Amino acid sequence: GAGVSQSPSNKVTEKGKDVELRCDPISGHTALYWYRQSLGQGLEFLIYFQGNSAPDKSGLPSDRFSAERTGGSVSTLTIQRTQQEDSAVYLCASSYEGRNTIYFGEGSWLTVV
Amino acid sequence: AQSVTQLDSQVPVFEEAPVELRCNYSSSVSVYLFWYVQYPNQGLQLLLKYLSGSTLVKGINGFEAEFNKSQTSFHLRKPSVHISDTAEYFCAVTEKGNNDMRFGAGTRLTVKP
């Protein structure tokens, strides 16, 4: 695609429910990143993928968070048993290996009520 | 892992005044450095980057940044700001040979008439 595509763009969910956020990176990009941006906060690193593997998962806030990437393309970030503090914008980005400039999607706005 | 510190969370300035947004990084190896901008209600976009060569890097909209290895800094400057420069600015770093990109907490630049 022309850019990084994320869905849903907005999600309101009840506390305790599970949510899945999807990211479709730019075609051919081998690296994929997930960040979280809370209201008035900076960008919090969650996880990044090189191909289908995730060399660094240390940014995931708790074991309720998981992410996978299949086929070296689409990635899904799953949050189980959502809590109100999970409310944030979840940003996905992608890049060519070795090119280092990353391109961001518009984000998925998650609100837990 | 590498890290970034943005020393100012908010910077208010008057239109046509100069501005400097400060960024310091920490890494044990050589790095690539970036500035991203997020305009209100928009996604993040690349402003400029330092990969190698000249330590003074020019970006879009009249911004420039200087890489200072001895001070581990990459401060962003503009000699004369406009109202339209009001945005959140993020400094980011990756280590050479690694696609893992880490961001600072962001600096909110507000340009007043």
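Look a little higher up for the structure.
What counts and how
Residues numbered from 1 in each chain as written. Chains lettered and ligands numbered in written order. Predicted model: local features only at pLDDT ≥ 70, side-chain atom pairs only at ≥ 80, totals over all residues. Heavy atoms only, no water. Helix = DSSP H or I, 4+ residues; strand = E, 2+ residues; numbered from the N terminus. Rg over C-alpha atoms; globule rule 2.2 N^0.38 Å. Contact = heavy atoms within 4.5 Å. Areas by Shrake-Rupley, 256 points an atom, 1.4 Å probe, with all protein chains shown as cover. Lys, Arg positive; Asp, Glu negative; His and termini not counted. Charge placed at Lys NZ, Arg CZ, Asp CG, Glu CD. Disulfide = S-S within 2.5 Å. Buried < 20%, exposed > 50% of the residue type's maximum accessible area, 1.4 Å probe, protein only. Polar contact = N/O pair within 3.5 Å; in protein donor to acceptor, adjacent residues only side chain to side chain. Pairing = 2+ DSSP bridges. Axes fitted to C-alpha atoms, helices over the stretch in contact; angles between N-to-C directions.

Caption draft 1: Broad picture of the overall build of chain A. Tallying secondary structure elements over chain A gives zero helices and 11 strands in all. Element order for chain A, N to C, with α for helix and β for strand: β-β-β-β-β-β-β-β-β-β-β. A globule of 113 residues ought to have a C-alpha radius of gyration of about 13 Å, and chain A, at 13 Å, matches this closely. Summarising its shape, the C-alpha atoms of chain A cover approximately 40 × 25 × 25 Å along the three principal directions. Contacts in chain A between residues far apart in sequence, at least 24 positions, make up 54% of those at least 6 positions apart. A total accessible area of about 5400 Å² is found for chain A, and carbon and sulfur atoms account for 44% of it. Averaging the positions of the 10 positive and the 12 negative side-chain charges in chain A gives two centres separated by 2 Å.

Caption draft 2: Representation of the state of the cysteines in the model. All names here are of chain A. All chains considered together, the criterion is met by two disulfides over all chains. The side chain of Cys 23 participates in a disulfide bridge whose partner is Cys 92; the two sulfur atoms lie 1.9 Å from each other. In this structure, the disulfide formed by Cys 23 and Cys 92 twists by about -70° around the S-S bond and is classed as left-handed. Of this pair, Cys 23 sits in strand E3 (residues 19-24) while Cys 92 sits in strand E9 (residues 88-95); the two residues are 69 residues apart in sequence, bridging distant segments of the chain.

Caption draft 3: Expanded view of the side chain of A:Gln6. Residues and elements named next belong to chain A. The residue Gln 6 is located in strand E1 (residues 5-7) in this model. Taking relative accessible area as the criterion, Gln 6 reaches 11% and is therefore assigned buried. A polar atom in the side chain of Gln 6 sits 2.8 Å from the backbone oxygen of Tyr 90. Here the side chain of Gln 6 touches Cys 92 through a polar contact of 2.9 Å, landing on its backbone nitrogen. In this structure Gln 6 touches Arg 22, Trp 34, Tyr 90, Leu 91, Cys 92, Gly 105, Glu 106, Gly 107 and Ser 108, once residues within four positions along its chain are discounted.

Caption draft 4: The sheet that holds E3(A), seen in detail. Residues and elements named next belong to chain A. Ordered by their spatial adjacency, four strands build an open sheet running E1-E3-E8-E7, and the pairing between neighbours is antiparallel. Strand pairing shows two members of the sheet lacking a second neighbour, E1 and strand E7 (65-69), which therefore form its edges. Strand after strand, the sheet turns through a mean of 15° between neighbouring axes, direction not considered. Pairing between E7 and strand E8 (residues 75-79): five bridges, direction antiparallel. The residue of E8 that forms the bridge with Phe 65 is Ile 79.

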